[in-house]
Amino acid sequence: MNWVIDNVDLIWELTLIHLRQSVVAIILGFVLALPLGWLAWRYRAARGGILTVTGLLYTIPSLALLPILPVLLGTPILSEVNLILALTIYAIALMVRSVADGLGSVDASVRLSATAMGYGAVRRFWVIEFPLAGPVILAGLRVTAVSTIALATVGALIGIDNLGYLFTNGSQRRIIPEVLAGIVAVLLIALLVDALLIAAGRMLMPWSRAKRRRARRGALPLEVSVA
Amino acid sequence: MNLIAEAIAWIFSGDTGLLAPIPIALLQHLAYTFASVAVAALIAIPFGWLIGHTGKGRDIAVAISGAARAIPSFGLLILLVLLFGVLRTPEAAIITFVLLAIPSILAGAYTGFEAIDRKVIDAARSMGMTEWQILWRVEVPLGLSLLVAGLRSATLQVVATVTIAAYVNLGGLGQYILSGLPLRRFDIVLGGALLVAALALVLDGIFALLQRASVPSGVRADQSVRFAPKRSASARTAPAVS
């Protein structure tokens, strides 16, 4: 335990870096998955293509994707950008399906009513469809956020500092509390971000509490994080 | 792009220097993956079927698979290796892989049962089937494709974690990525990465085929009548992990 007390500053600094890397990836993934998920939901022809490509990207192990990205993009191999991009790709892959499923869960009669009341496609999406798809999308976002935060630690293996540094350093120096501290820190920030997302969901979608069961079903526990 | 050509040249040169030859590393990788998934399946499938059949304990299973997602597998691996000691690295690694594979397989087993129309099970019961018969003749065959989907997720997750396990000198294909980096031999790093990616995609493809084959023929015939004109083949085989 002494190690943790002596190194609180290091843990805190790495936690902030870790949060920054994962939050950027989560937000980017969410924003990019919205139009892709909408396309996959709206056009049957696009659905197979989009879900297959994102599924295949998700299949590639992170330690393999991390060195491939800089070659394709020309970024320096040790740059943090590679990690954020890799995490964004995995986040998109997880989110696209939730967005498509969420939009699919909106009752067709509600959509027809909105159209009958004179809503155009854009306004109908933002005012009717997106909020009603919210609970399913939020369930997907929670899964994405938690697995992104856990996955980011792999960056330490190719020399990108975050909480994963506590694993590589702890392994080399055989300091068990250091590794344990890293795991606990990752779990805590995952829990924190998850709690924030739940709170945001309650604030933005006060009607969803009654439907929480449905939202939970939206997140089938089959989704996994790529280690 | 030039680097990709160099990486492919490295793969086919067969010159891995001090590292294990590629076929050996591939076999190690597959052996660790299949051994761990098999052990995890032996543990998770009975529990998953029990949860699916009785409908009890579902909330606990959901909570476990949710919490498991937040655990950094790399950290867990290092922790267990340090706790077990260097001499027992393979055991520590396999325990990590098994722990990681269990939630997906468990979820696949019970969601497979849950997805079955309750009327089918009521019909089986009213025909006089015993609970044991309902389990083996109705629930297991109908839930099989989602179970295979769970095995598929678990396998891919373990393949990814075995790659990371090269860090604790376990061998496997990850050793090229991790050993190439400090040497700045990016052809080796990229070659290793391409091999790992290819392995994952091939395994995913095999499981996609298995998943289709595991749908009972009666159900498949029914589906093709209802869905064939609408759904493209690619939509039906889209990976369950995404």
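If you're wondering where the values come from, they're calculated on a predicted model, not measured in any experiment.

Engineer: Explanation requested: the overall build of chain A in the structure shown.
Structural biologist: Helix and strand counts for chain A stand at 10 helices and zero strands. Going residue by residue from the N terminus, the α and β elements of chain A occur as α-α-α-α-α-α-α-α-α-α. For chain A, the spread of C-alpha atoms along the principal axes amounts to about 65 × 40 × 25 Å. Looking at chain A residue by residue over its 227 residues, the buried ones come to 54%. For chain A, the share of sequence-separated contacts (at least 6 apart) that also reach a separation of at least 24 residues comes to 75%. Here chain A displays about 10200 Å² of accessible surface, and carbon together with sulfur accounts for 68% of that area. Charged side chains in chain A number 19 positive and 11 negative. The centres of these two groups are separated by 17 Å.

Engineer: For this particular structure, what's the right way to read the interface of chain A and chain B?
Structural biologist: Think of interface size as the accessible area that goes away when the parts come together; that is how it is often given. With 52 residues of chain A in contact, the opposing surface of chain B contributes 56 residues. Taking both partners together, chain A and chain B bury about 4700 Å²; carbon and sulfur atoms supply 76% of that area. At the junction of chain A and chain B, the tally comes to zero salt bridges. Here chain A is connected to chain B by two residue pairs in polar contact (both at pLDDT 80 or more).

Engineer: Even after reading the chapter, I still don't get the side chain of A:H18, so can you show me in this structure?
Structural biologist: Residue and element names in this part refer to chain A. Considering the arrangement of structural elements, one finds H18 in helix α2 (residues 8-42). Using a relative accessible area of 0% as the deciding quantity, one classes H18 as buried. Those residues within four positions of H18 in sequence are excluded, and the remaining contacts are I149, A152, T153, N162, L163, G164, V186 and I189.

Engineer: Honestly, a nonpolar patch on the surface in this entry has me stumped. Any pointers?
Structural biologist: A surface patch of nonpolar side chains, about 510 Å² in accessible area, is lined by B:V39, B:L42, B:I43, B:F47 and B:L50. Within the secondary structure, B:V39 is located in helix α2 (residues 22-54).

Engineer: What should I look at first to understand the packing of aromatic side chains in this one?
Structural biologist: Centre-to-centre distance and the angle between the planes together describe a pair of aromatic rings. Applying the stated criterion across every chain, the model contains 12 aromatic pairs over all chains. Ring plane angle 20° and centroid distance 5.9 Å describe the contact between A:F125 and A:F130, whose orientation is recorded as stacked. A relative accessible area of 11% means that A:F125 is categorised as buried. Judged by its relative accessible area of 22%, A:F130 falls in the partly exposed class. Centre to centre, the rings of B:W49 and B:W136 are 5.5 Å apart; their planes meet at 85°, and the pair counts as edge-to-face. Placement of B:W49 in helix α2 and of B:W136 in helix α7 (residues 131-164) is noted, with a sequence separation of 87 residues between them. Since its relative accessible area comes to 16%, B:W49 is described here as buried. One aromatic cluster in this structure is built from B:W49, B:F113, B:W132 and B:W136. Here the basic side chain of A:R42 rests over the ring of A:Y43, its NZ or CZ set 5.0 Å away from the ring centre. For the cation-ring pair, A:R123 lies above A:Y119, with the distance from its terminal atom to the ring centre recorded as 4.3 Å.

Engineer: I tried to follow the packing of helix α6 (residues 118-126) of chain B against α7(B) on my own but got confused; where do I start?
Structural biologist: To characterise two packed helices, one gives the angle between the axes of the helices and the distance between these axes. All names here are of chain B. In the contact formed by α6 and α7, the axes pass within 10 Å of each other and the chain directions differ by 150°. On the basis of their axis angle, the class for α6 and α7 is roughly antiparallel. For the pair α6 and α7, the crossing hand works out as right-handed. In contact with V120, I121, A124 and R125 of α6, α7 contributes E131, I134, V138, E139 and L142. For the contact of α6 with α7, the class distribution of residues is six nonpolar, no polar and three charged.

Engineer: Help me understand α7(B) in this model?
Structural biologist: Spacing of three or four residues puts side chains on the same side of an α-helix, whose turn is 3.6 residues. Its 34 residues place the ends of α7(B) only 44 Å apart at the C-alpha level, less than the 50 Å of an ideal helix rising 1.5 Å per residue. Residue B:L144 marks the point of greatest curvature in α7(B), where the axis turns by about 50°.

Engineer: What is the right way to read the confidence of the model for chain B from this model?
Structural biologist: Regions with low pLDDT carry predicted coordinates that are not meant to be interpreted in detail. All names here are of chain B. Across chain B, the average pLDDT comes to 85, with 90% of residues at 70 or higher. Considering each helix and strand of chain B separately, the mean pLDDT is smallest for helix α11 (residues 233-236), with a value of 36, and largest for α2, with 93. Contacts from residues 226-242, a stretch scored under 50 in pLDDT, to residues over four places away or in other chains number 33 contacts.

Engineer: Would you mind going over the side chain of A:N82 with me for this structure?
Structural biologist: Note on placement: A:N82 falls in helix α5 (residues 80-104). Ignoring any residue separated from it by four or fewer positions in sequence, one finds A:N82 in contact with A:L66, A:L69, A:P70, A:T75, A:P76 and A:I77.

Engineer: So what exactly am I meant to see when it comes to unusual backbone geometry here?
Structural biologist: A negative phi angle characterises most non-glycine residues, just as the trans form characterises most peptide bonds. All names here are of chain B. Of note in this structure, N169 is not a glycine but carries a positive phi near 60°. The class for N169 is exposed, based on a relative accessible area of 71%. Backbone geometry at R184 places phi at a positive 55°, although glycine is not the residue there. Tracing the chain through its elements places R184 in the loop between α8 (174-183) and α9 (186-213).

The rules behind the values
Residues numbered from 1 in each chain as written. Chains lettered and ligands numbered in written order. Predicted model: local features only at pLDDT ≥ 70, side-chain atom pairs only at ≥ 80, totals over all residues. Heavy atoms only, no water. Helix = DSSP H or I, 4+ residues; strand = E, 2+ residues; numbered from the N terminus. Buried < 20%, exposed > 50% of the residue type's maximum accessible area, 1.4 Å probe, protein only. Contact = heavy atoms within 4.5 Å. Areas by Shrake-Rupley, 256 points an atom, 1.4 Å probe, with all protein chains shown as cover. Lys, Arg positive; Asp, Glu negative; His and termini not counted. Charge placed at Lys NZ, Arg CZ, Asp CG, Glu CD. Buried area = accessible area lost by both parts, 1.4 Å probe. Salt bridge = Lys/Arg side-chain N within 4 Å of Asp/Glu carboxyl O. Polar contact = N/O pair within 3.5 Å; in protein donor to acceptor, adjacent residues only side chain to side chain. Patch = residues over 30% accessible without salt bridge, like charges linked within 9 Å, V, L, I, M, F, W, Y side chains within 5 Å. Phe/Tyr/Trp six-rings, centres within 6.5 Å; stacked < 30°, edge-to-face > 60°. Lys NZ or Arg CZ within 6 Å of the ring centre and 35° of its normal. Axes fitted to C-alpha atoms, helices over the stretch in contact; angles between N-to-C directions. Parallel < 35°, antiparallel > 145°, perpendicular 65-115°, else oblique. Left-handed = near helix turned anticlockwise from the far one by under 90°. Nonpolar A, V, L, I, M, F, W, Y, C, P; charged D, E, K, R; others polar. Expected span 1.5 Å × (residues − 1). Bend = angle between axes of the 7 residues up to and from the residue. pLDDT = per-residue confidence, 0-100.

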